[in-house]
Amino acid sequence: MPSWMEDLLGFNPLLKAGCAVWNWCMKLVALQFTTSPVSIAGGEPWADMAGNIYPVFLSAGATLVCIWCLVAFCRESVDLRQAFTSEKGIYILIKVIAANYVMTTALSWFPAFFEMASGLTVADFQAMEFDATEIGLDSGGIFALTQLSTWILSLIFLIAAAVCGFTIIFTVYRRVIDLILLVPMAPIALSSAAGGAGVSRSASAWLRTFLAANFQIVVMGIALRVGCKVIGNGTILTGQVTVEFAFLHIFEMCFCMVLLVGIVKGAEGLLKRAFAL
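Every chain's residues receive numbers from 1 upward, in the order its sequence appears when written. In view of the model being predicted, local features appear only for residues whose pLDDT reaches at least 70, and side-chain atom pairs are presented and counted only at 80 or more, with totals across whole chains, interfaces and linings using the full set of residues. Note: side-chain values were computed over all heavy atoms of the structure, leaving out hydrogens and water.

Looking now at the overall build of the chain. Secondary structure assignment for the chain yields nine helices and zero strands. Sequence-ordered secondary structure for the chain, helices as α and strands as β, is α-α-α-α-α-α-α-α-α. Pairs at least 24 residues apart make up 85% of the contacts formed inside the chain by residues separated by at least 6 positions. Residue exposure ignores everything except the shown protein chains as possible cover, and the areas themselves are Shrake-Rupley values with a 1.4 Å probe. Of the roughly 14,300 Å² of accessible surface on the chain, a fraction of 70% belongs to carbon and sulfur atoms. Numbering of helices and strands starts at the N terminus; helices are DSSP runs of H or I of at least 4 residues and strands are runs of E of at least 2. We call two residues in contact when some of their heavy atoms are within 4.5 Å.

The next subject is the environment of L271. Among the secondary structure elements, L271 is positioned in helix α9 (residues 267-275). The rule is simple: take the accessible area with a 1.4 Å probe, protein chains only, and divide by the maximum for that residue type; under 20% is buried, over 50% is exposed, in between is partly exposed. Residue L271 is classed as buried on the basis of its relative accessible area, which comes to 7%. Taking the C-alpha atoms as reference, L271 lies 8.3 Å from F215; in sequence the two are 56 residues apart.

Bringing a nonpolar patch on the surface into the picture now. Two joining distances apply to patches: 9 Å for like charges and 5 Å for nonpolar side chains (Val, Leu, Ile, Met, Phe, Trp, Tyr), and every residue must have over 30% relative accessible area and no salt bridge. We count a salt bridge whenever a side-chain nitrogen from Lys or Arg sits within 4 Å of a carboxyl oxygen from Asp or Glu. A contiguous nonpolar surface patch, about 270 Å² in accessible area, is contributed by W151, I152 and I156. On the secondary structure map, I152 appears in helix α6 (residues 148-191). By relative accessible area, which is 39% here, I152 ends up partly exposed.

The backbone of A41 sits at a positive phi, close to 55 degrees, despite the residue not being glycine. You can call A41 exposed: its relative accessible area is 55%.

Before going further, it helps to examine the nonpolar core. Side-chain atoms within 4.5 Å link the members of a nonpolar core, which is a set of buried Ala, Val, Leu, Ile, Met, Phe, Trp, Tyr and Cys residues. Membership of the largest hydrophobic core comes to 32 residues, with the highest contact counts inside it found for W22, F157, I168 and M257. Sorting the residues of this core by element identifies α2 (13-33), α6, α7 (201-231), α8 (248-265) and α9 as the ones contributing at least two each. For this core, the element with the most residues is α6, which contributes eight residues. If we skip the residues at most four places from it in the chain, I168 touches W22, M26, V29, L260, V261 and V264. With 19 residues, the next largest nonpolar core counts W46, V176, L182 and A203 among its residues.

Let us now look at the environment of G195. Along the chain, G195 falls in the loop between α6 and α7. Assessed through its relative accessible area of 1%, G195 is described here as buried. Separated by 125 residues in the primary sequence, G195 and L70 have C-alpha atoms spaced 8.0 Å apart. Setting aside residues no more than four positions away along its own chain, G195 makes contact with W68, A72, R75 and K95.

Here the focus is the state of the cysteines. Working definition: the covalent bond between the sulfur atoms of two cysteines is a disulfide. Note that a disulfide, as used here, is simply two cysteine sulfur atoms within 2.5 Å. The tally for this structure, following the rule as stated, stands at zero disulfides. Not part of a disulfide, C25 finds its nearest cysteine sulfur in C164, a span of 9.6 Å. Given a relative accessible area of 0%, C25 falls into the buried group. A disulfide-free cysteine, C164 has its sulfur positioned 7.3 Å from the sulfur of C254, the nearest such atom.

Attention shifts here to the packing of aromatic side chains. Planes of paired rings set the category: under 30 degrees apart is stacked, over 60 is edge-to-face and the rest tilted, where pairs are Phe, Tyr or Trp rings (Trp by its six-membered ring) whose centres lie within 6.5 Å. Following the criterion strictly, the structure yields nine aromatic pairs and no others. Chaining the aromatic ring pairs together yields one cluster made of W46, F110, F113, F114, W206 and F210.

This part covers the packing of helix α3 (residues 44-77) against helix α4 (residues 86-119). Here an axis means a line fitted to C-alpha atoms, over the contact stretch when the element is a helix, while the angle between two N-to-C directions is reported on a 0 to 180 degree scale. Interhelical geometry of α3 versus α4 gives an angle of 165 degrees and a closest axis separation of 10 Å. When the axis of α3 is compared with that of α4, the two are roughly antiparallel. Taken as a pair, α3 and α4 cross one another with a handedness that is right-handed. Of α4, the residues touching α3 (which contributes W46, M49, A50, Y54, L58, G61, A62, V65, C69, A72, F73 and E76) are K88, I92, V96, M103, T104, A106, L107, F110, P111 and F114. Partitioning the contact of α3 with α4 into residue classes produces 18 nonpolar, two polar and two charged. For classification, angles of less than 35 degrees are called roughly parallel, those exceeding 145 degrees roughly antiparallel, those between 65 and 115 degrees roughly perpendicular, and all remaining angles oblique. By convention the crossing between two helices is left-handed if the near helix lies anticlockwise of the far one by an angle smaller than a right angle, and right-handed if it lies clockwise. In this count, Pro and Cys sit with the nonpolar residues alongside Ala, Val, Leu, Ile, Met, Phe, Trp and Tyr, while Asp, Glu, Lys and Arg are called charged and the others, Gly among them, polar.

Time to look at α4. Its 34 residues place the ends of α4 46 Å apart at the C-alpha level, agreeing with the 50 Å of an ideal helix rising 1.5 Å per residue. Within α4, the full set of buried residues consists of K88, I92, K95, V96, A99, M103, T105, A106, F110, F114, A117 and S118. Working rule for helices: expected span equals 1.5 Å times residues minus one.

Another aspect to go through is the confidence of the model for the chain. Residue-level confidence of the predictor, termed pLDDT, takes values from 0 up to 100. Looking at the chain, pLDDT values average 76 and 76% of them are 70 or higher. Across the chain, the secondary-structure element scoring lowest on mean pLDDT is helix α1 (residues 3-10), at 44, and the one scoring highest is α6, at 85. Note that residues 1-10 has pLDDT below 50 and, in this model, eleven contacts with residues that lie over four places away or in other chains. Within the model, the stretch residues 139-146 combines pLDDT values under 50 with 20 contacts to residues more than four positions away or in other chains.

Examined against the element boundaries, Q216 turns out to sit in helix α7. Among the residues examined, Q216 registers a relative accessible area of 3% and is labelled buried. Residues in contact with Q216, not counting those within four places in the same chain, are R175, A267, E268 and L271.

Right under this line is the structure:
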């Protein structure tokens, strides 16, 4: 008997399809956790950004450094309560030089930050994959679908697996896109550091946003690792309470998938609250 025939007779096809979709999504997410924005899609997005987009913003940032330097000088020189001293002038000059140096060399620093975040990822993605046989959803085969209740529950599981899996993929890929979009904003945001108090808030806001987006993957990895240890192989509920109706495992697995989606979606907010980013 062909292997596909044995699977069809031995497994509920909708449940097996749901497990396959979920496991495929987790494999894709695991690959993305170790992939830097520099190398995603063959490196073409990063190459286009670094070669065509970033230089335009770098030119604008260089102009803004001069403007913010003039703003800082005018702010200090028109203050009638305090005299403009050489120390203040040197301080403004140091900020201009520092802002210009960071702005012009930032592009070479980004890959190191990306690799640092990927290296800190500790997720165990093998624990996130569902095995229909281990969970006990292999009874009845295709003939189980002759029962309306079983057919509806199996279809719900397949839809939930697809929606939750693609939601996690979208969240992880959105982080990569956010990082690539933040890079060309760096020259304009960092140039404000030369403007002194008040104006430099743009630079600190950009830095906090970048750090939150970059290291969000680390919090995701830790949360997924802990979450997988908690839920087991989709047996977080029935592992503690005996359930007679086997297909109640479907609701349990749906709960586990929704739980992991909530963990991933809440990683960015948790990181920002924990470090005031």
